[in-house]
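Here is what each chain is made of, one letter per residue.
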Amino acid sequence: MSIGSNLKNLREERGLTQDQVSEALGVSFQAVSSWERDEYKPDTEKLIRLAEFYDVSVSAIAEEKHKAFKTKDTIYDWEHMKTYMKTTARNFKLSNTLKAVDFAVEAHEGQKRKKSAVPYIYHPLNLACHALSMGIIEDEIIAACMLHDVVEDCKKSIEDLPVNDETKELVRLLTCEKTTPENREEIISAYYKEIEANPKASLIKCIDRCNNLTTMSWGLSRDRIYRMIKETEEYYPALLKTIKDTTEYNNAAWLLKYQMESMLDIYKRLM
């Protein structure tokens, strides 16, 4: 597909008219029309402004698309993962996890992942299954994976959680207070510093970041993706070091670093 076809598809997907695009970019209606008909190509400055306006990469506009790939919002069924988690919790006598699964499912009921129809509970279940797949069968860690967002996103308090004190402390560490543009840097820095001092919280937070990196291509704006990349590069090396320096999590540190840095490199190249 040509640049013109790409621009027309992007506009129509968003339900916009050529007049609306021309007004937003400060160009004439005729310019937008001529771009979409491939009579003229937008110059570099306009191409960048079009990418920002449509919230896509420049390559999404400029490159000819020979193939259309099907994409997936999910890989596994969340209800199957829930059954797996409860069965595993019973088999290994993970009492906190068993209670956490049901609590998290109820707390997140009706919530969806950003810009999708995916039930939010898919996310904490992914974290818990990710930990188990790395051979981490620790009750407090798996339970905290399930509960890590309920205080921040579901109007629950730490005292509401049906788990032991260590799990509650992990959830507390993983819960970030709301920020404003003025105080964000100070709050985020203190947040990560406290997590860094706890190997289990560092482990959960890195698993959480790996999962969020895999979904940010469709769940976040380009500006938010840039911020996510910058934040990951700034704060996560210290968390990974904490994990690596904890003998029982050494293998997990290698896997998490590999996944995290691979995802960052892919996004950088595509953006």
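Read on for a plain summary of the structure. Given the structure is predicted, the values throughout are model-derived calculations rather than measurements. (Residues numbered from 1 in each chain as written. Predicted model: local features only at pLDDT ≥ 70, side-chain atom pairs only at ≥ 80, totals over all residues. Heavy atoms only, no water.)

### Quick notes on the pattern of salt bridges
1) Next: Inspection of the entire model under this criterion finds 15 salt bridges.
2) Next: For the salt bridge of Glu 196 with Lys 193, the shortest nitrogen-to-oxygen distance reads 3.9 Å. A residue pair is termed a helical-turn pair when its members lie 3 or 4 positions apart in one helix, as Glu 196 and Lys 193 do in helix α12 (residues 184–196) at three residues.
3) Next: The exposure class assigned to Glu 196 is partly exposed, which follows from its relative accessible area of 26%.
4) Next: The residue Arg 269 makes a salt bridge to Asp 265 at a minimum N-O spacing of 2.7 Å. (Salt bridge = Lys/Arg side-chain N within 4 Å of Asp/Glu carboxyl O. Helix = DSSP H or I, 4+ residues; strand = E, 2+ residues; numbered from the N terminus. Buried < 20%, exposed > 50% of the residue type's maximum accessible area, 1.4 Å probe, protein only.)

### Quick notes on unusual backbone geometry
1) Next: Residue Asp 38 is not a glycine yet carries a positive backbone phi of 60°.
2) Next: Residue placement: Asp 38 occurs in the loop between α3 (29–36) and α4 (44–54).
3) Next: The exposure class of Asp 38 is partly exposed, given its relative accessible area of 35%.
4) Next: For Asp 55, which is not glycine, the phi torsion reads 60° and is therefore positive.
5) Next: In this structure, Asp 55 sits in the loop between α4 and α5 (58–62).
6) Next: The class for Asp 55 is partly exposed, based on a relative accessible area of 30%.

### Observations regarding the packing of aromatic side chains
1) Next: Under the defined criterion, the tally for this structure stands at five aromatic pairs.
2) Next: Relative to Tyr 54, the ring of Phe 53 lies with its centre 5.0 Å away and its plane at 65°, an arrangement referred to as edge-to-face.
3) Next: What links up through ring pairs into an aromatic cluster is the set Tyr 191, Tyr 192, Tyr 235 and Tyr 236.
4) Next: Its guanidinium or amino end placed over the ring of Tyr 120, Arg 113 lies 5.4 Å from that ring's centre, counting from NZ or CZ. (Phe/Tyr/Trp six-rings, centres within 6.5 Å; stacked < 30°, edge-to-face > 60°. Lys NZ or Arg CZ within 6 Å of the ring centre and 35° of its normal.)

### Regarding the environment of Ile 61
1) Next: For Ile 61, the position within the fold is in helix α5.
2) Next: Taking C-alpha positions, Ile 61 is 9.8 Å from Asn 9, a pair spaced 52 residues apart along the chain.

### Things to note about the packing of helix α8 (residues 122–133) against helix α13 (residues 199–219)
Angle between the axes and distance between the axes are the two parameters that describe a pair of packed helices.
1) Next: For the pair α8 and α13, interaxial distance at closest approach is 10 Å and the crossing angle is 120°. As the angle between them shows, α8 and α13 are arranged oblique. Both α8 and α13 take part in a crossing whose hand is right-handed. Contacts between α8 and α13 involve His 123, Asn 126, Leu 127, His 130 and Ala 131 on the former and, on the latter, Ile 204, Ile 207, Asp 208, Cys 210, Asn 211 and Asn 212.
2) Next: Split by residue class, the contact of α8 with α13 holds five nonpolar, five polar and one charged. (Axes fitted to C-alpha atoms, helices over the stretch in contact; angles between N-to-C directions. Parallel < 35°, antiparallel > 145°, perpendicular 65-115°, else oblique. Left-handed = near helix turned anticlockwise from the far one by under 90°. Contact = heavy atoms within 4.5 Å. Nonpolar A, V, L, I, M, F, W, Y, C, P; charged D, E, K, R; others polar.)

### Quick look at the environment of Thr 87
1) Next: Structurally, Thr 87 is set in helix α6 (residues 78–91).
2) Next: According to the relative accessible area criterion, Thr 87 is partly exposed, its value standing at 36%.
3) Next: Note: C-alpha distance between Thr 87 and Gln 30 (57 residues apart in sequence) is 63 Å.

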